[in-house]
There are 8 protein chains.
Amino acid sequence: MKPKVLIIMGSDSDLPVMEEASKTLEGFGVPYVMTIASAHRTPERTRTLIRDAEKSGVDVIIAGAGMSAHLPGVVASFTTMPVIGVPLNASSLNGMDALLSIVQMPPGIPVATVSIGKAGAKNAGILAAQILARKDKALAKKLLSHRTKMQEEVEEKARKIQRNS
Amino acid sequence: MKPKVLIIMGSDSDLPVMEEASKTLEGFGVPYVMTIASAHRTPERTRTLIRDAEKSGVDVIIAGAGMSAHLPGVVASFTTMPVIGVPLNASSLNGMDALLSIVQMPPGIPVATVSIGKAGAKNAGILAAQILARKDKALAKKLLSHRTKMQEEVEEKARKIQRNS
Amino acid sequence: MKPKVLIIMGSDSDLPVMEEASKTLEGFGVPYVMTIASAHRTPERTRTLIRDAEKSGVDVIIAGAGMSAHLPGVVASFTTMPVIGVPLNASSLNGMDALLSIVQMPPGIPVATVSIGKAGAKNAGILAAQILARKDKALAKKLLSHRTKMQEEVEEKARKIQRNS
Amino acid sequence: MKPKVLIIMGSDSDLPVMEEASKTLEGFGVPYVMTIASAHRTPERTRTLIRDAEKSGVDVIIAGAGMSAHLPGVVASFTTMPVIGVPLNASSLNGMDALLSIVQMPPGIPVATVSIGKAGAKNAGILAAQILARKDKALAKKLLSHRTKMQEEVEEKARKIQRNS
Amino acid sequence: MKPKVLIIMGSDSDLPVMEEASKTLEGFGVPYVMTIASAHRTPERTRTLIRDAEKSGVDVIIAGAGMSAHLPGVVASFTTMPVIGVPLNASSLNGMDALLSIVQMPPGIPVATVSIGKAGAKNAGILAAQILARKDKALAKKLLSHRTKMQEEVEEKARKIQRNS
Amino acid sequence: MKPKVLIIMGSDSDLPVMEEASKTLEGFGVPYVMTIASAHRTPERTRTLIRDAEKSGVDVIIAGAGMSAHLPGVVASFTTMPVIGVPLNASSLNGMDALLSIVQMPPGIPVATVSIGKAGAKNAGILAAQILARKDKALAKKLLSHRTKMQEEVEEKARKIQRNS
Amino acid sequence: MKPKVLIIMGSDSDLPVMEEASKTLEGFGVPYVMTIASAHRTPERTRTLIRDAEKSGVDVIIAGAGMSAHLPGVVASFTTMPVIGVPLNASSLNGMDALLSIVQMPPGIPVATVSIGKAGAKNAGILAAQILARKDKALAKKLLSHRTKMQEEVEEKARKIQRNS
Amino acid sequence: MKPKVLIIMGSDSDLPVMEEASKTLEGFGVPYVMTIASAHRTPERTRTLIRDAEKSGVDVIIAGAGMSAHLPGVVASFTTMPVIGVPLNASSLNGMDALLSIVQMPPGIPVATVSIGKAGAKNAGILAAQILARKDKALAKKLLSHRTKMQEEVEEKARKIQRNS
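Remember, it's a predicted structure, so these values are computed and weren't measured experimentally.

Colleague: An account of the overall build of chain A is needed here, citing residue identities and associated values.
Modeller: Helix and strand counts for chain A come out as six helices and six strands. Listing each helix as α and each strand as β along chain A from the N terminus yields β-α-β-α-β-α-β-α-β-α-α-β. Rg of the C-alpha trace for chain A: 17 Å, near the compact-globule value of 15 Å for 165 residues, within the 12% margin. If one aligns the C-alpha atoms of chain A with their principal axes, the spans along those axes are about 60 × 40 × 30 Å. Counting every position in chain A, which comprises 165 residues, the buried fraction comes to 70%. For chain A, the share of sequence-separated contacts (at least 6 apart) that also reach a separation of at least 24 residues comes to 66%. On chain A, roughly 5200 Å² of surface is accessible, and the fraction owed to carbon and sulfur atoms is 51%. Computed over 21 positive and 15 negative side-chain charges, the separation of the two mean positions in chain A equals 5 Å.

Take a look at the structure:
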């Protein structure tokens, strides 16, 4: 199936976190492609990947990066597709460096920023599905089921831990 | 025209910032509705607004809030539409409180966070248009023209200030 | 016994920290009920729990949450009972995200915020007892005894470690 | 009328902020007394004030302080009444110093911390009323009316600013 | 020998850090007494300890505390002796809470603040010796020798690691 | 009179803040000398000033600096006298850069750090007097009178603002 | 004269700050060219500018940017020349966002980061001159004279403000 | 071979991080000398080292330091050579203290600051080579090869992890 989402990260060390995004998309049956490109070490490769993604029908890009996390913003500079940025905790500064680098984009080129690390990577997958679902009713239904399932999980856990003194 | 975007903010004091979002949508010819609802003072109103927006064909919600900026997350808890959060600088903490309250959503309920203040509000408008453009080719073209216009503005400014010693 | 305090948390992973609150209430003989509800994943359940608590005679609510810790504020939006918020350290940001999300409430809807993590959960239990003690003289006496016991513990430790060169 | 709330602050320069608390209590018809005592410059006066407040029937203390904001914690060390701490923005650090000094109390002695500055002072007044209302049904009703009034204000403002493109 | 320095800390869990101060004083032959007192749990004990120290000829007080680290400031409110504050890393906030609580004293009551944790406790011992040495020439000489010894240690280490490519 | 305190700052723009220190010393009748030396622009001058101060009978040095505030630490590297560091708010970072540069000294060379800005400069003057007072009973008495005067000022202000509802 | 330094900034609003760099280079007689290019709005222009600079004999690039300040890193990804990054204070976060975005470059692509704002822009000019001076003895002499002049200015100011009590 | 780069650090505990700089220089065949000198414990040694380095033909200095990281700035005060500062994570504050101490140099004396820790030490080596390469064409070629090698590594990793759903 032709991918609808491109997941891109700066280094293979980011894979264990970014797999939360790909697993989430798999759960929704959204086709994706996941690869590595560095904003700084492979600027040409990054540009080519984005241009190719635009041609091949990708609708959303998820980019994860740590430290001076320029990848999501650089990706956004090459396309008018929605770009979701995942700040990674890859330095001693706990991901605050990546968060500010990704979220504080100047006016004109937005990056849709999610939380730092695994929670953010998972949410990036859900957000990508939410965007795609605006023109895919079957996917919209899956998002509703996922929401219901989360509610049931909370209620199930509540039953297990509930206690009275 | 039926609105495609709902812009919502916690207080009328947020209006001068959030108008950057509405003006941006107007520039792209995207119909929107803009109103006030507080996550804390009017929880029922917030829920009703979101439910009504879903029924009336809105595709994206932009929510701006300052301090303990719960509005975007609370909005996201009522819908599976994409929700864009704009952190506002409304306390002595320079918007850092709002940024962390909005972006650090737990796994399951994403908020697409943009930069603090006016730059973020403008980018929220562009991001909403980028999401809508995935199923609206005319809008996609407008986004490309907007990008080209920004490039020309930079080049124009470069000509004006360029100097050699 | 009918519970006087409702302890609520966003996830079962918060239980080891929030048990400091329940154990403290047990130490004072204050009846409580402890459960899970998520501001974002189960907004309806949260509302229902608070409404039921109001009817059943609960006087104070303790809510613990991490990251974009909206639960205490969302709980406070449904009731005029005192709500105590416990910021949990549940992300790479050391609980600073939860602290600002909980404490920086806009004017109109207060949340009584305590310290991050286990110290805060324990203090939430004591603060709830202090509030209840305003109309319960037996509990007020227990709080005084607890204070005296803490003083004796400090003095006992002082005797053990005191040293002169 | 005998005061039910003692409002205490470290300096007369804190008065314009702390008056948000006293005005809020006046709005609810809650009798209070407001004065100055410094944790560091007048430790004895602080202790005496708290002891006298306990004897005279005060039920809640509101303490506001900036910088190394020790006053709320020092007050809490002298009493088992609920103590509400208001962090003031009184240095170049935007109130972050006062917030951490007040909220990060060690286990055993809680301070119910509210937001920085005027929003916090107002919320301190409401929180004090919420605590007193647990044994005062008339006050509980006033809190509900206040909540309704806030909702109406938001709705009124929404009508004024609402706009469609 | 009569103690010249009082070392005081809020909890016995602070002992492994604060022993850096006592060991440093021992190295200089400065008599000290080390004990526990909590600003919040034992306010009276703290006051008594400081008053007794003044009478018994103590010249400098070293106070270590974590979280809402009020102990050094509270100690300083009871005496005009120099008080040295050691911020301890005792919460998830890495000691930043204790640092701001200790160093940001309002005008009128200074606390001589040193670095967070063990480095600070050691430096507190040296600073206390530097203060005492203004009226103790033998101690002043020991401080000079200590400085020379540190220089030699650096030079010794430099010889060991120096390398050329 | 021979100066007992050397006040040193990195730039003449620091003078309005550092005069809080000199005025405080004047209030106590402590002779001082105040001058400019930059850790980075005039390293030799700084060294010479400290060596001369040691010879001329100075007992305490107060050094104020902003940004990468190295002056207090550099001064401390040239002497075993107590060095008091005043962090100045001289950049966009609100003095946090200067605070961390001054307070986080490595083990071996302490700097007695006070609060940021004018409050700190004033407290530096008081702390210097406290150190000198260990061998000057007349000065010790003045410190006690100063403390009493501050208490009276607080009480005077309390009388003025005290109000009951 | 052929430029030796390229000064580049993201927006014409950065000009008043970045002129500190150009004026400094003029003071040293270093030829430069100054222009605007945005990492995000004109990625192609940025790449072309850097490639052209390499061909025309530029030896050092100075890049200033605020918010998600990607420009210096993006520039560095296109060249192996030394790139100096100036963080600009262009959002509510006081330049901390730009500082972390610029300085926290991942291993492989350095950016030589200087202080935030005007001080940094001036230092960028001096640092560029220091780099060029490694192969230009006349420039090296000018740097020494500049250093001497700064010393004299400090000494001159010291004479003006020096005072004794 | 005569060293072109002096690597200097404050303590032997910094060696495992700073070796990233020396290994990088070795990879480029740049001769260097690496040693220890403390800004605070051995100010004279530091000055002598820098003066000797200037005479022996060193062109760039790399200085690493943690906490109140004054070493790079102190080194820069003794020379007009380019000085590269590496902030080390050597306290509970995650290297933020060292970063601000190094980067926020006042106007007049720049320090070229790189990222915190190992990434920064490696980048310091590359930046030193970039500076030297302005007058060494063979080294410039090595830098280009290194850049190409990094690109190939990213592409190789991309091939390994790339996956499609």
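Colleague: Account for the interface of chain F and chain E, naming residues and giving values.
Modeller: The interface of chain F with chain E comprises 40 residues on the first partner and 40 residues on the second. Between chain F and chain E lies a buried interface of about 3400 Å² when both sides are counted; carbon and sulfur atoms form 61% of it. If you look at where chain F meets chain E, you find two salt bridges. Connecting chain F to chain E are 27 residue pairs in polar contact (both at pLDDT 80 or more). Contributions of two or more residues to the side of chain F that touches chain E are made by helix H3 (71–77), helix H4 (96–103), strand E5 (112–113), helix H5 (118–132) and helix H6 (137–161) of chain F. Ranked by residues supplied to the side of chain F that touches chain E, first place goes to H5 of chain F with seven residues. In terms of residue class, the side of chain F that touches chain E is made up of 25 nonpolar, 10 polar and five charged.

Colleague: I'd love a proper account of the packing of helix H5 (residues 118–133) of chain C against helix H6 (residues 137–161) of chain C, names of residues and values included.
Modeller: Residue and element names in this part refer to chain C. At a closest axis distance of 8 Å, the pairing of H5 and H6 adopts a crossing angle of 140 degrees. Of the possible angle classes, the one that applies to H5 and H6 is oblique. Considering the relative orientation of H5 and H6, their crossing is left-handed. Counting all contacts with H5, which are made through Ile126, Ala129, Gln130, Leu132 and Ala133, the residues of H6 involved are Leu139, Ala140, Leu143, His146 and Arg147. For the contact of H5 with H6, a count of residues per class yields seven nonpolar, two polar and one charged.

Colleague: Outline the interface of chain B and chain D, supporting the account with residue identities and numerical values.
Modeller: Taken together, the contacts link 21 residues of chain B with 17 residues of chain D. For the pair chain B and chain D, the two sides together bury roughly 1700 Å², of which 63% comes from carbon and sulfur. Measuring nitrogen to oxygen at the nearest pair gives 3.5 Å for the salt bridge that ties Lys157 of chain D to Asp12 of chain B. Where chain B meets chain D, there are five residue pairs in polar contact (both at pLDDT 80 or more). Listed by contribution, the elements that provide at least two residues to the side of chain B that touches chain D are helix H1 (15–27) and strand E2 (32–36) of chain B. Ranked by residue count, the leading element in the side of chain B that touches chain D is E2 of chain B, at five residues. A breakdown of the residues in the side of chain B that touches chain D according to their chemical character gives 11 nonpolar, five polar and five charged. Sheet analysis places E2 of chain B next to strand E6 (residues 163–164) of chain D, joined by two bridges and oriented antiparallel.

Colleague: An account of the relation of the copies chain F and chain E is needed here, citing residue identities and associated values.
Modeller: After a rotation of 180 degrees and a shift along the axis of 0.0 Å, chain F superposes on chain E with an RMSD of 0.0 Å. Seen this way, the second copy is the image of the first under a two-fold rotation axis. The residues that chain F uses at the interface reappear at the interface of chain E in 100% of cases, marking a shared surface.

Colleague: A description of the relation of the copies chain B and chain D should follow, citing residues and the corresponding values.
Modeller: Aligned on chain D, chain B shows an RMSD of 0.0 Å; the corresponding rotation is 90 degrees and the shift along the axis is 0.0 Å. What we have between these two chains is a four-fold relation. When the interface residues of chain B are mapped onto chain D, a mere 5% of them are again interface residues, pointing to distinct binding faces.

Colleague: Account for the pattern of salt bridges, naming residues and giving values.
Modeller: A full pass over the atoms with the stated rule returns 80 salt bridges over all chains. Here Arg51 of chain A makes a salt bridge to Glu44 of chain G, at a shortest N to O gap of 3.9 Å. Of this pair, Arg51 of chain A sits in helix H2 (residues 43–55) while Glu44 of chain G sits in helix H2 (residues 43–55), on two different chains. Arg51 of chain A gets classed as partly exposed once you look at its relative accessible area, which sits at 33%. Classification of Glu44 of chain G by relative accessible area gives partly exposed; the value is 30%.

Colleague: Go over empty space enclosed by the protein with me, naming the residues and quoting the values.
Modeller: Applying the stated rule across the entire model yields six cavities of 30 Å³ or more. Residue lining of the largest cavity: 32 residues in total, with Met96 of chain A, Met96 of chain B, Met96 of chain D, Met96 of chain G together with Met96 of chain H positioned closest to the centre. Contributing elements (two or more residues each) for the lining of the largest cavity: helix H4 (96–103) of chain A, helix H4 (96–103) of chain B, helix H4 (96–103) of chain C, helix H4 (96–103) of chain D, helix H4 (96–103) of chain E, H4 of chain F, helix H4 (96–103) of chain G together with helix H4 (96–103) of chain H.

Colleague: So, the environment of His146 of chain C: which residues are in play, and what are the values?
Modeller: Among the secondary structure elements, His146 of chain C is positioned in helix H6. Placed 118 residues apart in sequence, His146 of chain C and Phe28 of chain C show a C-alpha to C-alpha distance of 8.8 Å. Beyond its immediate chain neighbours, meaning those up to four positions away, His146 of chain C contacts Phe28 and Ile126 of chain C together with Gly108 of chain D.

Colleague: Report on the arrangement of the chains, specifying residues and quantitative values.
Modeller: As for chain E relative to chain B, no contact occurs, and the smallest C-alpha gap between them is 16 Å. Spatially, chain C and chain F are disjoint, and the shortest separation between their C-alpha atoms is 17 Å.

Colleague: Any chance you could break down helix H2 (residues 43–55) of chain E for me, citing the residues and the numbers?
Modeller: Residue and element names in this part refer to chain E. With 13 residues, H2 should cover 18 Å at 1.5 Å per step; its first-to-last C-alpha distance of 19 Å lies within 8% of that length. Among the residues making up H2, those that are buried are Pro43, Arg45, Thr46, Arg47, Leu49, Ile50 and Ala53. Residue Gly57 follows H2 closely and has a positive phi angle near 95 degrees.

Colleague: I'd like a description of the packing of H4 of chain C against H4 of chain D, backed by residues and values.
Modeller: Each pair of packed helices can be summarised by the angle the axes make with each other and by the distance between the axes. At their nearest, the axes of H4 of chain C and H4 of chain D sit 13 Å apart, and the two run at 95 degrees to each other. The angle between H4 of chain C and H4 of chain D falls in the class roughly perpendicular. Together, Met96, Leu99, Leu100 and Val103 of chain C of H4 of chain C and Met96, Leu99, Leu100 and Val103 of chain D of H4 of chain D make up the contact between the two elements. By residue class, the composition of the contact of H4 of chain C with H4 of chain D is eight nonpolar, no polar and no charged.

Colleague: Hey, could you go over the pairing of strand E1 (residues 5–9) of chain H for me, with residue numbers and the actual values?
Modeller: On a regular strand, one side chain projects to one face of the sheet and the next to the other, so that they alternate. All names here are of chain H. The element E1 is largely enclosed, with a buried count of five among its five residues. A two-sided burial pattern is seen for E1, the buried positions comprising Val5, Ile7 and Met9 on one face and Leu6 and Ile8 on the other. In the sheet, E1 pairs with strand E2 (residues 32–36) via five bridges, with the strands oriented parallel. Bridging across to E2, Ile8 finds its partner in Thr35. A crossover links E1 with its parallel partner E2, the connecting element being helix H1 (residues 15–27), and its sense is right-handed. Note that E1 and strand E3 (residues 60–66) share five bridges and pair parallel. Of the residues in E3, the one forming a bridge with Leu6 is Ile61.

About the criteria used
Residues numbered from 1 in each chain as written. Chains lettered and ligands numbered in written order. Predicted model: local features only at pLDDT ≥ 70, side-chain atom pairs only at ≥ 80, totals over all residues. Heavy atoms only, no water. Helix = DSSP H or I, 4+ residues; strand = E, 2+ residues; numbered from the N terminus. Rg over C-alpha atoms; globule rule 2.2 N^0.38 Å. Buried < 20%, exposed > 50% of the residue type's maximum accessible area, 1.4 Å probe, protein only. Contact = heavy atoms within 4.5 Å. Areas by Shrake-Rupley, 256 points an atom, 1.4 Å probe, with all protein chains shown as cover. Lys, Arg positive; Asp, Glu negative; His and termini not counted. Charge placed at Lys NZ, Arg CZ, Asp CG, Glu CD. Buried area = accessible area lost by both parts, 1.4 Å probe. Salt bridge = Lys/Arg side-chain N within 4 Å of Asp/Glu carboxyl O. Polar contact = N/O pair within 3.5 Å; in protein donor to acceptor, adjacent residues only side chain to side chain. Nonpolar A, V, L, I, M, F, W, Y, C, P; charged D, E, K, R; others polar. Axes fitted to C-alpha atoms, helices over the stretch in contact; angles between N-to-C directions. Parallel < 35°, antiparallel > 145°, perpendicular 65-115°, else oblique. Left-handed = near helix turned anticlockwise from the far one by under 90°. Pairing = 2+ DSSP bridges. Least-squares fit on C-alpha atoms with pLDDT ≥ 70 in both. 1 Å grid on protein atoms, 1.4 Å probe; cavity = no way out; pocket = protein on both sides within 12 Å on 5 of 7 lines; lining within 4 Å. Points joined across faces, edges and corners; volume = space filled by probe spheres on them. Expected span 1.5 Å × (residues − 1). Right-handed = clockwise from strand over helix to strand, strands pointing away.

That is the geometry; function is a separate question.
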